[in-house]
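Now for the letters of each chain:
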Amino acid sequence: MAVTSLPDNAAATGEEAGKPRRLKKLALIVVAVLLIGGFAGWKFLAPSPTGPPEKGEVLVLESIQVNLDQGHYLKVGIALQLTTEASEHIEGSRALDAAIDLFSGLPLSRVSTPEQRRGLQEELTKQLRVLYDHEVMDVYFQEFVTQ
């Protein structure tokens, strides 16, 4: 016996089998459009980087005396190069505290040469950028006296 036509219930199941495929394709298309739209919105509407911060005013801090190793001491005065975005009420106590922590107990031989001072200056600058949430760009030594 040869079947030339499908019964009515078999045709109905064929149409139902096609619906899930169409729904899957439609769902994939919707997801793809949302992903592309989200990426495009993020890429073109996100604020562009403004570049390096601009130099603002310089905040000169009072000199401090720090005890070094073996009875020596260091008198250091620092100034903070602030960014233009720095708040107007920035204070230097955290910077002085960081300087005391960095220099205290160092041997005199670690603070004697210009290369060593530049290394300590760079380390202090890194610490202060974090402490002041990038409102401090650079640190300048105004005074650096050892005995």
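Coordinates for the structure precede this section.
Described in the following lines is the structure provided in the data block. Note on numbering: residues in each chain are counted from 1, in written sequence order. Note on the predicted model: pLDDT of at least 70 is required for a residue's local features to be given, and 80 or more for side-chain atom pairs to be given and counted; whole-chain, interface and lining totals, by contrast, use all residues. To obtain the side-chain values, all non-hydrogen atoms of the structure were included, while hydrogens and water were left out.

Where helix H2 (residues 93–103) meets helix H3 (residues 114–131), the closest approach of the two axes is 10 Å, and the angle between their N-to-C directions is 140 degrees. Regarding the angle of H2 to H3, the classification is oblique. Crossing geometry of H2 relative to H3 is assigned as right-handed. From H2, Arg94, Ala95, Ala98, Ala99, Leu102 and Phe103 reach across to H3, where they touch Leu120, Glu123, Leu124, Gln127, Leu128 and Leu131. Inter-axis angles, ranging from 0 to 180 degrees, are taken between N-to-C directions of lines fitted to C-alpha atoms, where helices are fitted over the stretch in contact. By the criteria applied, helices consist of DSSP H or I runs no shorter than four residues and strands consist of E runs no shorter than two, each listed in order from the N terminus. Working rule for angles: under 35 degrees goes down as roughly parallel, over 145 as roughly antiparallel, 65 to 115 as roughly perpendicular, anything else as oblique. If you view the pair so one helix is near and one far, a crossing is left-handed when the near helix is turned anticlockwise from the far one by less than a right angle, and right-handed when it is turned clockwise. Contacts are residue-level and defined by heavy atoms, with any inter-residue pair within 4.5 Å sufficient.

What follows concerns the pairing of strand E3 (residues 73–83). For E3, the tally of buried residues reaches nine of eleven residues, placing the bulk of the element in the interior. Being paired, for any two strands, means DSSP has found at least two bridges between them. Strand direction decides the pairing type here: strand E1 (residues 55–60) and E3, joined by four bridges, are antiparallel. When the sheet's bridge partners are listed, Val58 is paired in E3 with Gln81. In this structure, strand E2 (residues 64–67) lies alongside E3, joined through four bridges in antiparallel fashion. The buried label goes to any residue with under 20% of its type's maximum accessible area, the exposed label to any with over 50%, and the partly exposed label to all in between, with areas taken from a 1.4 Å probe on protein chains only.

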